[in-house]
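Listed below, chain by chain, are the residues.
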Amino acid sequence: MTQSLQGRTALVTGASRGIGREIAVDLARHGAFVFCVSTREGGCDETVAACGEQGGEAVGLACDVSDEASVDALVKAVRESGRTLEILVNNAGITRDGSFLRMSTDDFDAVQNVNLRGTFFVCRAFARLLSKAEDGRIINIGSVVGQMGNPGQANYAASKAAVVGMTKSLAKELAGRQVTCNVVAPGYIQTDMTSELPDDVREWLLGSIPLHRIGTAEEVAAAVTFLAAPAARYITGQVLVVDGGMCI
Ligand code: NDP
């Protein structure tokens, strides 16, 4: 019962696949109504169906989180649904890897635009709605790379480290309104984002994980559901690392 989200409304960005899909399905499994967001109309159809199979309710919405007008339209759609948003999960994210010396400004900016500015736009746009909720939650998806750094991912590491700083500040600002703000920082998780790693890099990564296996999206989703649940109401401004011990 401590994990029950019955009667709560959640919104998950980047819910068409990977970690975001599992977060949406797990929240629905625990009773939440879930707005599933991705860049394309119909992009979350499969996720919405999977939420239904878990006995939950969900709808798909399209939004490019890096575009302020698109985020405004998303807020409008949620308001018009008549639901009070209580749980916001900023999961949408991209990578544009490359060595630092060769990294183009476009690749640096593209990653900040989605991972950092997108999280900022969505948090800012929904902060008022969440403040009206009883016991509101913001859960931003970071990465251990934001804490440890990673060769070839200076742009990505910068965006994820910045999300931690922003979330801690937001935690202090919204605490008076009983909204908690936390980061879940996954390590190496099996999704489309990590599927194209060369075998040698994969082996090297496995060697750096004490639990010696790649994580699953379900394991990240379980951490998000924990932070969204009533039992976590006194936790705010924290980074919950889900990485098999990678950054111990
Ligand atoms: P995927 O590449 O599998 O999925 C990315 C999701 O983000 C998709 O739903 C995609 O939607 C959405 N998205 C991308 N750009 C935008 C945008 N501009 N506006 C709205 N939605 C967008 O990623 P993962 O599931 O692997 O990663 C999810 C999160 O977890 C990311 O923030 C990532 O940085 C983080 N993470 C992942 C790790 C891993 O090992 N996989 C490790 C640490 C952190 P669409 O289908 O429409 O493109």
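Everything below is about the structure printed above this text.
Residues numbered from 1 in each chain as written. Predicted model: local features only at pLDDT ≥ 70, side-chain atom pairs only at ≥ 80, totals over all residues. Heavy atoms only, no water.

What is the right way to look at the site of the ligand in this model?
Within the structure, the ligand sits among 29 residues, and Ser-16, Thr-39, Asn-91, Tyr-156 and Thr-191 are positioned closest to it. Gly-14 is positioned with one of its backbone polar atoms (N or O) 3.1 Å from an oxygen atom of the ligand. At the level of elements, helix H1 (18-29) and helix H6 (154-174) are the ones that each hand at least two residues to the shell around the ligand. Looking at side-chain class alone, the shell around the ligand contains 13 nonpolar, 12 polar and 4 charged residues. (Near = heavy atom within 4 Å. Polar contact = N/O pair within 3.5 Å; in protein donor to acceptor, adjacent residues only side chain to side chain. Helix = DSSP H or I, 4+ residues; strand = E, 2+ residues; numbered from the N terminus. Nonpolar A, V, L, I, M, F, W, Y, C, P; charged D, E, K, R; others polar.)

Mind showing me how you'd approach the sheet that holds strand S7 (residues 239-242) here?
Pairing between the strands of a sheet comes from backbone hydrogen bonds, and it takes one of two forms, parallel or antiparallel. Here 7 strands make up an open sheet; going across it, the order is S3-S2-S1-S4-S5-S6-S7 and the pairing parallel. The open sheet has two edge strands with one neighbour each: strand S3 (57-62) and S7. Across the sheet, the mean angle from the axis of one strand to that of its neighbour is 20 degrees, orientation sign disregarded. Examined bridge by bridge, strand S1 (residues 9-13) and strand S2 (residues 33-38) share 5 bridges and lie parallel to one another. Within S2, the residue paired with Thr-9 across the bridge is Phe-33. Docked against the sheet, helix H3 (residues 68-80) engages S1, S2 and S3, running at close to 150 degrees with respect to S3. (Pairing = 2+ DSSP bridges. Axes fitted to C-alpha atoms, helices over the stretch in contact; angles between N-to-C directions. Contact = heavy atoms within 4.5 Å.)

It is not clear to me how the packing of H1 against helix H2 (residues 45-53) should be interpreted in this structure. Could you clarify?
A pair of packed helices is characterised by two quantities: the angle between their axes and the separation of those axes. H2 packs onto H1 with a crossing angle of 25 degrees between their chain directions and a minimal axis gap of 8 Å. What the angle tells us is that H1 and H2 run roughly parallel. For the crossing formed where H1 meets H2, the hand is right-handed. On the side of H1, the interface is formed by Arg-21, Ala-24, Val-25 and Ala-28, while H2 contributes Glu-46, Thr-47, Ala-50 and Cys-51. (Parallel < 35°, antiparallel > 145°, perpendicular 65-115°, else oblique. Left-handed = near helix turned anticlockwise from the far one by under 90°.)

What am I meant to see in the pattern of salt bridges here?
Where charged atoms from two side chains of opposite charge approach closely, those side chains can pair. What the rule picks out here adds up to 9 salt bridges. Notably, a salt bridge pairs Arg-17 with Asp-192, separated by 3.5 Å at the nearest N-O pair. Remark: Asp-192 occurs in the loop between strand S6 (179-186) and helix H7 (199-207) and Arg-17 occurs in the loop between S1 and H1; sequence separation between them is 175 residues. Exposure remark for Asp-192: the relative accessible area of 49% places this residue in the partly exposed category. Two residues, Arg-124 and Glu-68, come together in a salt bridge whose shortest N-O distance is 2.7 Å. Taken together, the residues Arg-124 in helix H4 (residues 105-132) and Glu-68 in helix H3 connect sequence positions 56 residues apart. On the basis of relative accessible area, Glu-68 is assigned to the partly exposed category, the value being 41%. (Salt bridge = Lys/Arg side-chain N within 4 Å of Asp/Glu carboxyl O. Buried < 20%, exposed > 50% of the residue type's maximum accessible area, 1.4 Å probe, protein only.)

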